[in-house]
Amino acid sequence: MVSRFTLLFIIESFISFGATAKTSNDLQFSGFARLVGGYLSTDEAKYEGYNNSVSFSEKSLAALQADYIINDYFSLSGQLLWHSDETRKSGVEWLYLTYQPNASWQFNLGQIRTPFLKYSDVIDVGFAYPWLNAPQQLYSSYLFSQYKGVNARYLGSFNEVAFSLEAYWGNYSDEIHSSGTAFDVTVDGMYGGVVEISYRGFQFRTATIHANDTDTDLTELDPLIQGLRAAGFPDTADILDIDGGATSYLFGISYDSLNWFASAEWMSVKSDLDILGGIDSFYVTFGYYFDEVLVHATVGSSRQSLNDIENPIPVGIAPQLDALHFAVEEVKTYFPTDDLDSLTLGARWDFRNDLALKAEVSFLKGKEGKTSFFELDVIGSDFDRRATLYQLGLEWVF
Amino acid sequence: MGILMRYLPLFMCLSCLAFPQLVHARERVWVVANLGEPSLQLSKSEIRNVFMGGATNGLSPVEFEPGSYIRKVFNTRVIGLPEARIQSFWAQMRFSGRSIPPSNVSNIEEMVTFLIEHKLSVGYLPEGTVIPKGLTVVYVSI
């Protein structure tokens, strides 16, 4: 865990850089940082890395972006990100070439964050959204957050209606953390698209991701998989050797006005992976502005279904078979079953044009027997999957 | 009636909290552009698109710096969003690589000069400003 002083030093260094950053017409520097502290009301589990001691190391981060304009049509952008969360990699987050032949078309090539949810490609830029912790039911990290590939975007309008169309294709490879378990995931040929339509204060958004060739490497399971094959249970071994595909759909609607906004997103994930049947999740949020202070409330919910994993290994015949049987049963309990309902109340004070102070409390209500986005110290504990998360944070852009 | 009068000051205070932006609502702005076609008029939605990263129809927007009074009036009367929301929107656009915010000027003289010097630029000025030859008022806020 990164010390609080290291964290403050790094963020202070970025602030100093932001204050002195030189820009020219061709090269521009910008960046963002967030310092977020949180406390979870229970000592029986972790949620988003938080436990029942105050921590600044789960969501705090700093990033520096450089945009170099090569000529009227081409530019190069890179973003370096330093993250305090040890489950997130620090380093190059974005690196892409942009070709913009005119004001309507834009093409990107390189390492790009995946555009899916309303804020998924800026989830690290806390200044861009109202919460400290975007609704976990949708914004959890095990969707494919970035890819190496190409992206095309078209902007258009028709009378009072403005629209944008976006399509992308690429490959994904990363380590994903879910409910305390790490997976190496690779996706070949991931593709998707986004359609946004704006009419006056309304915005409608729909998006999709298709990841048909997904390969998940759970190295901790390799001995068990080999044992199952050796014992003559190749079908069960194949189930735990997670390969397959997943398709996600999103529909969102929002309304923004001078005094208030409302926003909702609904996401559905369908999968032919043996362990993951699907996920249905949504959130609805409402916010009201009192000058520079925004107060908001968000209700979120997710239901995750598992495909049944049949355990054909008989018990009571041989000790080795018993061990295999119970190992498979234990593995089943580790696969995420993230049913969670939440209510988040928060406030955001934009006390400067580039700084915002946020406070937030989330009431979490999971389901007993399910992971519910909690990281449990003891699988099968009698923790009732209810907790309250308190957070306070500072968001900055430069 | 007595109860109503008793709580009237409280009600008025709450009204001020609930509708703070109406303070600026009596002012008007002219949206002004440097066009080759002087008869062109834009709708409020088209202007909002141009200034908020949508389809620009070839126009380049220019704004007053955040905090200026005329910008607050423009945000209130044309864009329809508070400054804090606009700033968070541009953070999203910039750091997702989609677009960057419009250029900024600090006063009316700079705005007029910028518009004159940049073909197809579009900005805004307080109602009643003397509009130089070559610039066109394409929208008058209500």
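Position numbers for residues count from 1 along each chain, tracking the sequence in the order it is written. A letter from A marks each chain and a number from 1 marks each ligand, given out in the order of writing. Reporting of local features is limited, given that this is a predicted model, to residues whose pLDDT is at least 70; pairs of side-chain atoms are given and counted only at 80 or more, and all residues count toward the totals for whole chains, interfaces and linings.

## Structural notes on the overall build of chain B
Part 1: Only DSSP runs of H or I reaching four residues or more are called helices, and only runs of E reaching two or more are called strands; each is numbered from the N terminus. Looking only at helices and strands, chain B features five helices and five strands.
Part 2: Ordered by position from the N terminus, the helices and strands of chain B form the series α-β-α-β-α-α-β-α-β-β.
Part 3: Residue burial in chain B is summarised as follows: out of 142 residues, 36% are buried.
Part 4: Residues are defined as contacting one another if the C-beta atoms placed from their backbone atoms lie within 7 Å. Taking as baseline every contact in chain B between residues at least 6 positions apart, the subset at least 24 positions apart corresponds to 75%. The burial criterion counts other C-beta atoms lying within 10 Å of a residue's C-beta, which is placed from the backbone; the residue is buried at 20 or more, exposed at 12 or fewer, and partly exposed between these limits.

## Observations concerning the overall build of chain A
Part 1: A count of helices and strands for chain A gives five helices and 18 strands.
Part 2: Considering chain A as a whole, with its 398 residues, one finds that 39% of them fall into the buried category.
Part 3: Of the contacts made within chain A by residues no fewer than 6 positions apart, 58% connect residues no fewer than 24 positions apart.

## Some remarks on the sheet that holds strand β5 (residues 136-140) of chain B
Sheet strands associate in pairs through backbone hydrogen bonding, adopting either a parallel or an antiparallel arrangement.
Residue and element names in this part refer to chain B.
Part 1: Two strands are counted as paired when DSSP detects at least two bridges linking them. The mixed open sheet is built from five strands, whose spatial order is β3-β2-β4-β1-β5. Among the strands making up the open sheet, the edge pair consists of β3 (103-105) and β5. Each adjacent strand pair in this sheet contributes to an overall mean axis angle of 35 degrees, direction not counted.
Part 2: With axes taken as lines fitted to C-alpha atoms, and helix axes fitted only over the stretch in contact, angles between N-to-C directions fall between 0 and 180 degrees. Against the sheet, helix α3 (residues 69-79) touches β1 (29-33), β2 (60-64) and β4 (121-126), its axis set at about 95 degrees to β1.
Part 3: On top of the sheet, helix α5 (residues 108-117) reaches β1, β2, β3 and β4; it is set at about 150 degrees to β4, its chief contact.

## Brief notes about the interface of chain A and chain B
Part 1: Residue-level contacts link 36 residues of chain A with 26 residues of chain B.
Part 2: Going through the elements one at a time, β1 (27-40), β5 (91-99), β7 (146-158) and β13 (278-290) of chain A are the ones with two or more residues in the side of chain A that touches chain B.
Part 3: Residues are grouped as follows: Ala, Val, Leu, Ile, Met, Phe, Trp, Tyr, Cys and Pro are nonpolar; Asp, Glu, Lys and Arg are charged; all remaining types, including Gly, are polar. Considered class by class, the residues forming the side of chain A that touches chain B number 16 nonpolar, 13 polar and seven charged.

## Some details on the environment of Trp266(A)
Residue and element names in this part refer to chain A.
Part 1: Tracing the chain through its elements places Trp-266 in strand β12 (residues 260-271).
Part 2: Judged by C-beta crowding, with 16 C-beta atoms within 10 Å, Trp-266 ranks as partly exposed.
Part 3: C-alpha separation for the pair Trp-266 and Phe-251, spaced 15 residues apart in sequence, amounts to 5.4 Å.
Part 4: Ignoring any residue separated from it by four or fewer positions in sequence, one finds Trp-266 in contact with Phe-251 and Phe-282.

## Quick word on unusual backbone geometry
Residue and element names in this part refer to chain A.
Part 1: Of note, the phi angle at Asn-159 is positive, near 50 degrees, even though the residue is not glycine.
Part 2: With respect to the element layout, Asn-159 can be found in the loop between β7 and β8 (161-178).
Part 3: Overall, the presence of 9 C-beta atoms within 10 Å leaves Asn-159 in the exposed class.
Part 4: At Ser-372, a position not held by glycine, the phi torsion is positive, near 50 degrees.

## Focus: the environment of Ser43(B)
Part 1: In this structure, Ser43(B) sits in the loop between β1 and α2 (44-51).
Part 2: As for Ser43(B) and Val138(B), which are separated by 95 residues in sequence, their C-alpha atoms are 8.4 Å apart.

## With respect to the nonpolar core
Part 1: Nonpolar cores are identified as sets of buried Ala, Val, Leu, Ile, Met, Phe, Trp, Tyr and Cys residues joined via C-beta atoms within 7 Å. Phe32(A), Phe127(A), Ala128(A), Val32(B) and Ala91(B) are the most contacted members of the largest nonpolar core, which totals 71 residues.
Part 2: When neighbours within four sequence positions are excluded, Ala91(B) is seen to be in contact with Phe32(A), Val125(A), Phe127(A), Ala128(A) and Val397(A).
Part 3: Among the nonpolar cores identified, the runner-up in size contains ten residues, and Leu40(A), Ala45(A), Leu364(A) and Phe373(A) belong to it.

## Describing the pairing of strand β4 (residues 74-83) of chain A
Residue and element names in this part refer to chain A.
Part 1: In terms of strand pairing, strand β3 (residues 61-69) meets β4 through nine bridges, oriented antiparallel. Considered in β4, the bridge of Leu-64 is made with Leu-80.
Part 2: Hairpin connection from β3 to β4: four residues lie between these consecutive antiparallel strands.
Part 3: Two strands pair when backbone bridges link them, and β4 and β5 are joined in this way by eight bridges, in the antiparallel orientation. Looking across to β5, one finds that Gln-79 is bridged to Trp-94.

## Regarding the confidence of the model for chain B
All names here are of chain B.
Part 1: The predictor attaches a confidence to each residue, and that confidence, scored 0 to 100, is pLDDT. Per-residue confidence for chain B gives a mean pLDDT of 83; residues scoring 70 or more make up 80%.
Part 2: Below pLDDT 50 for its whole length, residues 1-5 participates in zero contacts with residues either more than four positions away or in separate chains.
Part 3: Considering only residues more than four positions removed or in separate chains, one finds that residues 7-25, a stretch of pLDDT under 50, has twelve contacts.
Part 4: Predicted complex metrics record ipTM = 0.85 and pTM = 0.85.

## Digging into helix α4 (residues 83-95) of chain B
All names here are of chain B.
Part 1: With 13 residues, α4 should reach 18 Å at 1.5 Å per residue; the first-to-last C-alpha distance of 18 Å fits that figure.
Part 2: Counting buried positions over the 13 residues of α4 gives ten, a clear majority of the element.
Part 3: Within α4, the full set of buried residues consists of Glu-83, Ala-84, Arg-85, Ile-86, Gln-87, Ser-88, Trp-90, Ala-91, Arg-94 and Phe-95.
Part 4: Downstream of α4 by one or two residues, Gly-97 has phi in the positive range, about 75 degrees. Given the number of residues in a helix, its expected span is that number minus one, multiplied by 1.5 Å.

## Regarding the confidence of the model for chain A
Part 1: For chain A, mean pLDDT is 86; residues scoring 70 or higher make up 89% of the total.
Part 2: Contacts from residues 18-22 of chain A, a stretch scored under 50 in pLDDT, to residues over four places away or in other chains number three contacts.

## Some words on the environment of Glu175(A)
Part 1: Positionally, Glu175(A) belongs in strand β8.
Part 2: Here Glu175(A) falls in the exposed class, since 12 other C-beta atoms lie within 10 Å of it.

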